[in-house]
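Results of the structural survey
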There are 2 protein chains.
Amino acid sequence: MSKQRPAVDVEALCCSPLMRRPLSADESTELARMFKALADPVRLRLLSLVASHAGGEACVCDLTGAFDLTGPTISHHLKVLREAGLIDGERRGTWIYYRVRPAALGALATVLTASALPERVDT
Amino acid sequence: MSKQRPAVDVEALCCSPLMRRPLSADESTELARMFKALADPVRLRLLSLVASHAGGEACVCDLTGAFDLTGPTISHHLKVLREAGLIDGERRGTWIYYRVRPAALGALATVLTASALPERVDT
């Protein structure tokens, strides 16, 4: 199963104070791609359902009950999240089990908080 | 000048472990609207330029040099960021000066990190 991994390694930027310097065109393109995957209410709810599910993982079979959507539609949204690098999927038997990728989500969070928080001083 | 403030107060959710419980439909709709504003490379670069600019604020006059875009196009993108609650603008003389809204960005960051980080134990 193909995975479209980022051209720019956003996770490697996790410790860069991105908001303290202008983003490059490549960085902003890659980050925008990841934010676009989050710019949908169904995908956000799916992400929260996967993250908060027992054991931190869930299959489509665990998720259909929360939506008035078909299994294939939910699978499509999960694929978008996966291709953006925000979740991983692992096939076990009949189902693919999904879990969030904390490093990817954390990297996006850092982009948003580096400007918001005072510079951290480690003592 | 009208501002479209959120129906759900996302900033008030800043301390909720959103990823430890499923998001509601209303929450996910509001959050998706904010992430959609970030899902564009030009707007992300603008946000980083405003945030990293001297004094933490910038006008369109400070921003046009970084893009091969017209002033009105940049103003449009700034308007999208403003309507999403991610930046504020204040008119002083000829120009509107923009600065990021740390509480809004921080609230989005919390949504992304609550699942990624171990539960914090305050001692």
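Per chain, residue numbering runs from 1 following the sequence as it is written. The lettering of chains begins at A and the numbering of ligands begins at 1, in the order of writing. Totals for whole chains, interfaces and linings use all residues, but because this is a predicted model, local features are given only for residues with pLDDT of at least 70 and pairs of side-chain atoms are given and counted only at 80 or more. Excluded from the side-chain calculation are hydrogens and water; included are all heavy atoms of the structure.

The next subject is the overall build of chain A. Secondary structure follows DSSP: runs of H or I at least 4 residues long count as helices, runs of E at least 2 residues long count as strands, and numbering of each begins at the N terminus. When you go through chain A residue by residue, the secondary structure sums to 5 helices and 2 strands. Each helix (α) and strand (β) of chain A, taken in turn from the N terminus, gives the series α-α-α-α-β-β-α. When a residue's accessible area, from a 1.4 Å probe over protein chains only, is under 20% of the maximum for its type it is buried; when over 50% it is exposed; and in between it is partly exposed. Within chain A, the fraction of its 123 residues that count as buried is 46%. Sequence-distant contacts in chain A: of pairs separated by 6 or more residues, those separated by 24 or more amount to 58%. Accessible surface is estimated by sampling points in the Shrake-Rupley manner with a 1.4 Å probe; for residues, cover comes only from the protein chains shown. About 6,100 Å² of surface is accessible on chain A, with carbon and sulfur atoms providing 53% of the total. Note on contacts: a residue pair qualifies if any of its non-hydrogen atoms lie within 4.5 Å across the two residues.

If you look at the interface, chain B gives 35 residues, while chain A gives 35 residues. Two parts placed together each lose some accessible area under a 1.4 Å probe, and adding up what both lose gives the buried area. Both sides of the chain B and chain A interface together cover about 2,700 Å² of buried area, and 78% of this is carbon and sulfur. Salt bridges, as used here, are contacts in which a Lys or Arg side-chain nitrogen is within 4 Å of a carboxyl oxygen on Asp or Glu. Put simply, chain B and chain A have 0 salt bridges between them. Counted as a polar contact is a pair of N or O atoms within 3.5 Å, where, for protein atoms, one must be capable of donating a hydrogen and the other of accepting one, and residues adjacent in sequence contribute only when both atoms are in side chains. Where chain B meets chain A, there are 4 residue pairs in polar contact (both at pLDDT 80 or more). Secondary structure elements with two or more residues in the side of chain B that touches chain A: helix 1 (25–38), helix 2 (41–52) and helix 5 (102–113) of chain B.

All names here are of chain A. Here chain A averages 81 in pLDDT, while 76% of its residues score no lower than 70. Predicted confidence for residues 13–17 stays below pLDDT 50, and this span has 5 contacts to residues more than four positions away or in other chains. pLDDT gives the predictor's per-residue confidence on a scale running from 0 to 100. pLDDT under 50 marks residues 115–123. Its contacts with residues more than four places away, or in other chains, come to 8 contacts.

Residues and elements named next belong to chain A. Our working definition of a disulfide is a cysteine sulfur pair at a distance within 2.5 Å. Within this structure, the stated rule accounts for 2 disulfides over all chains. In this model, cysteine 59 is linked to cysteine 61 through a disulfide, with the two sulfur atoms separated by 1.9 Å. Taking the sign of the S-S torsion, -45° for the link of cysteine 59 and cysteine 61, the bridge is left-handed.

Now for the packing of helix 2 (residues 41–52) of chain A against helix 1 of chain B. In this analysis, axes come from line fits to C-alpha atoms, helices being fitted only over the stretch in contact, and the angle between any two N-to-C directions falls in the range 0 to 180 degrees. Across the interface, helix 2 of chain A lies against helix 1 of chain B with an axial gap of 8 Å and an inter-helix angle of 115°. The handedness of the crossing between helix 2 of chain A and helix 1 of chain B comes out as right-handed. In this structure, helix 2 of chain A contributes Pro41, Leu44 and Arg45 of chain A to the contact, and helix 1 of chain B contributes Ala25, Ser28, Thr29, Leu31, Ala32 and Phe35 of chain B. Nonpolar residues are Ala, Val, Leu, Ile, Met, Phe, Trp, Tyr, Cys and Pro. Charged residues are Asp, Glu, Lys and Arg, and all others, Gly as well, are polar. Within the contact of helix 2 of chain A with helix 1 of chain B, the residues separate by chemical class into 6 nonpolar, 2 polar and 1 charged. The handedness criterion is simple: a crossing whose near helix is rotated anticlockwise from the far helix by less than a right angle is left-handed, and one whose near helix is rotated clockwise is right-handed.

Next up on the list: the relation of the copies chain B and chain A. Here the copies were fitted onto each other by least squares, based on C-alpha atoms from residues at pLDDT of at least 70 in both. Overlaying chain B with chain A gives an RMSD of 0.0 Å, the required rotation being 180° about an axis along which the chain moves by 0.0 Å. Between the two chains, the operation in question is that of a two-fold axis. For chain B, the smallest separation between a C-alpha atom and the rotation axis is recorded for alanine 109 of chain B, amounting to 2.1 Å. A symmetric contact is evident, with 100% of the interface residues of chain B recurring at the interface of chain A.

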